[in-house]
Amino acid sequence: MLDIAILRKEPELLRRNLEKRFSDIDVDRLLELDKKLRKQKAELDNLLSNRNKLSKEIGIRKKKRENADDLIKKVNETAERIKETEALYNEKYDEFMKIWLLVPNLLDDSVPFGKDENDNVEVKRWGDIKNFDFKPLEHFEIATKLDILDFERGAKLSGSRFVVYKGAGARLERALINFMLDLHTKQHGYKEIIPPYIVNEEVMVGTGQFPKFRDEAYETDGQYLIPTAEVPLVNLHREEILKESDFPIKYVAYTACFRKEAGSYGRDVKGIIRQHQFNKVELVQFTKAEDSFDALEELTNDAQEVLRLLGLPYRVVILSSGDIGFSAAKTYDIEVWLPGQNRYREISSCSNTLDFQARRASIRYKKDSKMHFPHTLNGSGLAVGRCVVAILENYQQEDGSVKIPEKLVPYFGSEFIR
RNA sequence: GGAGAGGUGGCCGAGCGGUUGAAGGCGGUUGACUCGAAAUCAACUGUGCGCAUCUGCGCACCGCAGGUUCGAAUCCUGUCCUCUCCGCCA
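Residues numbered from 1 in each chain as written. Chains lettered and ligands numbered in written order. Predicted model: local features only at pLDDT ≥ 70, side-chain atom pairs only at ≥ 80, totals over all residues. Heavy atoms only, no water.

Participant: Quick one: what's the story with the protein's contact with RNA strand B, residue by residue and with numbers?
Facilitator: Taken together, the neighbourhood of RNA strand B is formed by 21 residues, with Arg8, Arg38, Asp45, Ser55 and Asn76 sitting nearest. Here the atoms of RNA strand B within 4 Å of the protein split so that 75% fall in sugar or phosphate, with bases taking the remainder. A distance of 2.9 Å separates a phosphate oxygen of RNA strand B from a polar side-chain atom of Arg38. A distance of 3.1 Å is found between a phosphate oxygen of RNA strand B and a side-chain nitrogen or oxygen belonging to Lys366. Looking at the surface near RNA strand B, the elements that each hand over two or more residues are helix H3 (27-63), helix H4 (69-100) and strand E14 (364-367). Taken together, the residues that form the surface near RNA strand B break down as seven nonpolar, five polar and nine charged. (Near = heavy atom within 4 Å. Polar contact = N/O pair within 3.5 Å; in protein donor to acceptor, adjacent residues only side chain to side chain. Helix = DSSP H or I, 4+ residues; strand = E, 2+ residues; numbered from the N terminus. Nonpolar A, V, L, I, M, F, W, Y, C, P; charged D, E, K, R; others polar.)

Participant: Tell me about the sheet that holds strand E11 (residues 314-318), residues and numbers included.
Facilitator: Taken in spatial order, the eight strands line up as E1-E11-E12-E13-E16-E10-E9-E4 in an open sheet, and their pairing is mixed. Bordering the open sheet on either side are strand E1 (121-126) and strand E4 (191-193), each of which pairs with just one other strand. Looking at each pair of strands side by side, their axes are set apart by 25° on average, direction ignored. In terms of strand pairing, strand E9 (residues 249-258) meets strand E10 (residues 277-287) through ten bridges, oriented antiparallel. From the neighbouring strand, Ala256 faces E10, where its bridge partner is Asn279. (Pairing = 2+ DSSP bridges. Axes fitted to C-alpha atoms, helices over the stretch in contact; angles between N-to-C directions.)

Participant: Provide a residue-level description of the packing of aromatic side chains, including the pertinent values.
Facilitator: By the definition in use, this model includes twelve aromatic pairs. With a centroid separation of 5.6 Å and 40° between ring planes, the pair formed by Phe22 and Phe113 is classed as tilted. Here Phe22 is found in the loop between helix H2 (11-20) and H3, whereas its partner Phe113 is found in the loop between H4 and E1, with 91 residues between them in sequence. Classification of Phe113 as exposed rests on a relative accessible area of 57%. Sitting over the ring of Phe412, Arg171 keeps its end group 4.2 Å from the ring centre. Geometry around Phe416 places Arg418 over its ring, the cationic atom sitting 4.4 Å from the centre. (Phe/Tyr/Trp six-rings, centres within 6.5 Å; stacked < 30°, edge-to-face > 60°. Buried < 20%, exposed > 50% of the residue type's maximum accessible area, 1.4 Å probe, protein only. Lys NZ or Arg CZ within 6 Å of the ring centre and 35° of its normal.)

Participant: Which residues make up the side chain of Gln209, and what are the values?
Facilitator: Inspection of the secondary structure assignment puts Gln209 in the loop between helix H8 (201-207) and strand E6 (219-220). Accessibility expressed as a relative area gives 13% for Gln209, which makes it buried. Within the local environment of Gln209, its side chain forms a polar contact with the side chain of Thr207, the two groups lying 2.7 Å apart. Those residues in contact with Gln209 that lie beyond four places of it in its chain are Met204, Arg214, Pro227, Thr228 and Val231. (Contact = heavy atoms within 4.5 Å.)

Participant: An account of the environment of Asp128 is needed here, citing residue identities and associated values.
Facilitator: You can see Asp128 is positioned in the loop between E1 and helix H5 (139-146). When its relative accessible area of 73% is taken as the criterion, Asp128 is described as exposed. Considering only alpha carbons, one finds Asp128 and Lys407, 279 residues apart in sequence, at a separation of 18 Å.

Participant: Give me the pairing of strand E12 (residues 330-338): which residues, what numbers.
Facilitator: Taken residue by residue, a regular strand's side chains alternate between the two faces of the sheet. Counting buried residues in E12 gives nine out of nine residues, a clear majority hidden from the surface. Of the two faces of E12, the one lined by Lys330, Tyr332, Ile334, Val336 and Leu338 and the one lined by Thr331, Asp333, Glu335 and Trp337 are each fully buried. Note: E11 against E12, five bridges, orientation antiparallel. Within the sheet, the bridge partner assigned to Arg315 lies in E12 and is Glu335. Where E12 and strand E13 (residues 343-352) come together, nine bridges link them in antiparallel fashion. Each bridged residue has a counterpart across the sheet, and for Lys330 the counterpart in E13 is Asn352.

Participant: Could you give an account of the sheet that holds E6, naming the residues involved and the relevant values?
Facilitator: Pairing between sheet strands relies on hydrogen bonds along the backbone, with the strands arranged either parallel or antiparallel. The strand order E5-E7-E6 describes an open sheet built from three strands, whose pairing is antiparallel. Each end of this open sheet is capped by a strand with a single partner; those strands are strand E5 (198-199) and E6. Two strands pair when backbone bridges link them, and E5 and strand E7 (residues 223-225) are joined in this way by two bridges, in the antiparallel orientation. Opposite Val199, over in E7, you have Tyr224 as the bridge partner.

Participant: With reference to specific residues and values, describe the pattern of salt bridges.
Facilitator: Scanning all chains against the criterion turns up 30 salt bridges. A salt bridge links Arg38 to Asp34, with the nearest nitrogen and oxygen atoms 3.3 Å apart. Of this pair, Arg38 and Asp34 both sit in helix H3, four residues apart, which is roughly one turn of that helix. Residue Arg38 is classed as partly exposed on the basis of its relative accessible area, which comes to 44%. Take Asp34: its relative accessible area is 2%, and that puts it in the buried class. Across the pair Lys186 and Asp182 runs a salt bridge whose closest N-O atoms are separated by 4.0 Å. Placement of the pair is Lys186 and Asp182 together in helix H7 (residues 168-187), with a separation of four residues, close to one helical turn. (Salt bridge = Lys/Arg side-chain N within 4 Å of Asp/Glu carboxyl O.)

Participant: Pulling in residues and values, what's your account of H2?
Facilitator: All of the buried residues along H2 are Pro11, Leu14, Asn17 and Leu18. Angular distribution of buried residues about the axis of H2 spans 120°; they occupy a single face of the element. Looking at the buried side of H2, the elements it contacts are helix H1 (4-9), H3 and H4. Taken from the residues just after H2, Phe22 is the one with a positive phi, measuring 60°. (Arc of directions from axis to C-beta.)

Below, the structure written as structure tokens:
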């Protein structure tokens with residue numbers, strides 16, 4: 001949620017921002033509703049104020065055992081008007097909020113203008129892309145031959161976009177989770193969290209999933225499966241007033257993530273690139289407003305470190321205005337090289353949401369006796385399944401085996417998958 | 001799942017129909033004392049919204065949503081949550 005002052009004082013800024021994002025939010029409608037809402041509020045407050053004064057007076061008279069029938073009669077005359085005005089105000093409020101919650105975050109100036117992922121701007125490359133003496137296979141081909149991923153049985157149990165990890169595959173996934181958690185907790189200063197995987201409606205609103213992306217979430221008895229650990233981690237401090245000295249707050253969590261992937265039919269149907277359920281190690285930071293862009297660089301680097309230690313080539317791109325997410329002001333995607341696909345694929349997305357989520361979730365801190373909203377950042381560190389994909393493809397051998405990256409061997413327990 | 005207790009400000013905790021946004025304590029801020037600190041004393045100290053923006057004024061909020069009433073933290077209904085006991089169970 002944006003500061004409403006932006007709508008009132010800088011509607012042109014808001015308009016330009018929405019254009020860059022190809023959003024069809026009607027700013028004029030918002031301005032109009034806000035104006036009406038304020039007028040309605042003033043009217044209601046006046047009526048209530050009047051009633052409060054009279055009621056107080058009645059109380060004083062009754063205490064003195066005096067008659068107050070004239071005053072009671074007077075108040076009763078306004079009762080109906082109060083009811084009507086209140087109803088009207090609530091109606092206008094709901095109408096305004098319905099749109100307001102759909103307004104995306106303001107983009108940072110460094111975000112390139114563009115329609116989609118083709119307009120993302122590469123800012124960094126790391127690692128040497130290996131030349132294979134044979135035609136490198138895609139991960140699902142390697143995995144099926146090694147019998148470490150079972151797509152058929154995944155489908156049998158749960159349908160498409162579900163998989164069963166078996167043997168060394170399951171062990172590789174687990175090794176990666178532990179490797180990432182150890183790195184971020186021991187080297188990068190994050191506190192490890194195991195959050196609930198099922199959350200309430202308000203929590204989904206807090207991080208920006210709802211109301212816009214309601215279709216993406218699995219629902220169960222009015223609660224929702226988390227699409228990312230970002231949701232519970234950021235909301236950990238919802239409706240709290242933090243201390244200035246608390247910052248920066250850095251959390252890391254491994255969780256399963258659940259996404260319906262509505263509207264992605266036909267994309268990445270083969271393999272484990274796009275699953276309804278997948279594992280992710282997530283990084284979240286809360287910072288003071290002035291520190292968030294430095295924190296974004298740090299967090300993105302923390303995520304990259306996983307790939308560097310695993311010797312996986314990658315690049316970093318800044319998402320363009322048309323590709324960036326709803327809550328983010330700026331996002332770096334980290335894309336890992338996949339020789340089987342002969343291209344880079346997203347393995348992490350690191351965003352600064354400024355105070356957008358903090359406002360939605362009402363997370364604040366006091367500074368100089370004034371309330372401030374902290375900034376929240378999130379990033380995958382990393383998507384575990386896609387990391388498995390990257391290892392299988394980058395470390396595949398001609399004989400069909402897969403070498404385990406040196407730093408991962410202590411976690412995995414052996415040097416090869418055969 | 002059954003029975004009971006309870007949800008009040010950053011925290012603890014009183015209030016149980018009237019001038020209560022809410023006693024008291026803790027915490028916090030500022031000042032006094034001190035070479036400094038501690039202790040002590042004094043003052044201040046909830047959040048959100050609207051209006052005015054030089055001190056200000058009004059409204060709302062005592063889990064949440066309704067209701068009763070001239071008036072609700074206090075009464076009623078529903079709902080959510082927490083705790084205790086029993087049952088079941090990883």
